[in-house]
Amino acid sequence: MTSLISKFHARLNCLDETAKLLRLLRNDDGKQELNSIKWTIIDLKVLIRDMKENLVLWRENIQKTQDDNCSFEAINKELSLMMEKMKPFNQPEAEQQLLSNRQCQEEQQQRQEELVLKEDKENKNPNNKCAAAAVVKIRSLENLEEDMFNKLPRHVKKRLTVEQMNSAIAELNNVLKKKYQFIDCPKKDLSFKDQKIRAEYRKEAIELKGTPYTTFFNDNDLNKYTTTLKMKKRTKEDIILVLRHIGRMKEIRKKSSIKYCLK
């Protein structure tokens, strides 16, 4: 019942508004006012249309900005990756590495020169009769070329450098030289203790009969005649591994003794 009464009053209000409009239309002032309302509505429609067009443009600009932002993020990511790849080629680091390599080469050359001077001094020493008496040509190891070293597998050369390898080869050659000068020394120039040591050397050489190897050294020789290899056991093992891998050395174990034989 209440809803019907409400509808009835709404209809009466509509009739009332219609009556007001009819009274306005009967005079000129009412017509002018309605005409003014008409043009206002038209202006409002024009404004609404312009607002819609501006909204479309704003949406397009927002979409374009979002696309540009995505492009900038992709470019930034690519630049970051490029910077990461270029880090190893950073100029200060490259110069530092070059300087370090140069210092290693100079130190190696200095050690070799000191070794040569030391050998010359020993050879000129009149008490060193073994060096003067030794005329037998002693075999030696050749230096390792950088191209050959770079071709070695990573698990073989490990952390070694070609400079370390050649420095160690120089030490090993010095071991062989001193050892075989001592073996070839006349018996009369040796003390009783040295004669016993040389007898042990010759006994070890007999153990290699039946093999193609005649020149060798062992861990005792390294401890006696080297300065670097006897202090760095892991480095010594890595260097021996490289020499075995390239076919310049053979490791033979006999009677609990390890002999490093030259091929």
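In case you missed it, the structure is sitting above this.
Residues numbered from 1 in each chain as written. Predicted model: local features only at pLDDT ≥ 70, side-chain atom pairs only at ≥ 80, totals over all residues. Heavy atoms only, no water.

Chemist: Could you give me a rundown of a negative patch on the surface, with the residues and numbers involved?
Modeler: On the surface, Glu142, Glu145, Glu146 and Asp147 cluster together into a patch of negative charge. Tracing the backbone through its elements, the reader meets Glu142 in the loop between helix 4 (129–133) and helix 5 (146–150). Look at Glu142 and you get exposed, because its relative accessible area is 58%. (Patch = residues over 30% accessible without salt bridge, like charges linked within 9 Å, V, L, I, M, F, W, Y side chains within 5 Å. Areas by Shrake-Rupley, 256 points an atom, 1.4 Å probe, with all protein chains shown as cover. Salt bridge = Lys/Arg side-chain N within 4 Å of Asp/Glu carboxyl O. Lys, Arg positive; Asp, Glu negative; His and termini not counted. Charge placed at Lys NZ, Arg CZ, Asp CG, Glu CD. Helix = DSSP H or I, 4+ residues; strand = E, 2+ residues; numbered from the N terminus. Buried < 20%, exposed > 50% of the residue type's maximum accessible area, 1.4 Å probe, protein only.)

Chemist: How would you summarise the side chain of Glu207 if you had to cite specific residues and measurements?
Modeler: You can see Glu207 is positioned in helix 8 (residues 192–207). Contact partners of Glu207, with chain neighbours within four places excluded, come to Lys254, Lys255 and Lys259. (Contact = heavy atoms within 4.5 Å.)

Chemist: I'd love a proper account of a nonpolar patch on the surface, names of residues and values included.
Modeler: Taken together, the side chains of Phe72, Ile75, Leu79, Met82 and Met86 present a nonpolar region at the surface, about 540 Å² in accessible area. Its location among the elements puts Met86 in helix 2 (residues 28–86).

Chemist: Before we move on, can you summarise the nonpolar core with the specific residues and values?
Modeler: Counting 36 residues, the largest nonpolar core has Met165, Phe217, Leu243 and Met249 as the members making the most contacts within it. When residues of this core are traced back to their parent elements, those giving at least two are helix 7 (162–183), strand 1 (216–217), helix 9 (219–225), helix 10 (233–245), strand 2 (249–254) and strand 3 (257–262). Among the elements that line this core, the one with the most residues is helix 7, at ten residues. Contact partners of Phe217, with chain neighbours within four places excluded, come to Leu172, Val175, Leu176, Lys179, Leu222, Ile240, Met249, Ile258, Lys259, Tyr260 and Leu262. (Core = buried A, V, L, I, M, F, W, Y, C linked by side-chain atoms within 4.5 Å.)

Chemist: Outline the pairing of strand 3, listing residues and values.
Modeler: Within strand 3, six of the six residues are buried, which leaves it mostly tucked inside the rest of the structure. Burial of the side chains of strand 3 extends over both faces: Ser257, Lys259 and Cys261 are buried on one face and Ile258, Tyr260 and Leu262 on the other. Relative to strand 3, strand 1 runs antiparallel, the two being bridged by two bridges. The residue bridging Phe216 from the neighbouring strand is Cys261, located in strand 3. Alignment of strand 2 against strand 3, held across six bridges, turns out to be antiparallel. By the bridge assignment, Lys254 is partnered in strand 3 with Ser257. (Pairing = 2+ DSSP bridges.)

By themselves these figures say nothing about function.
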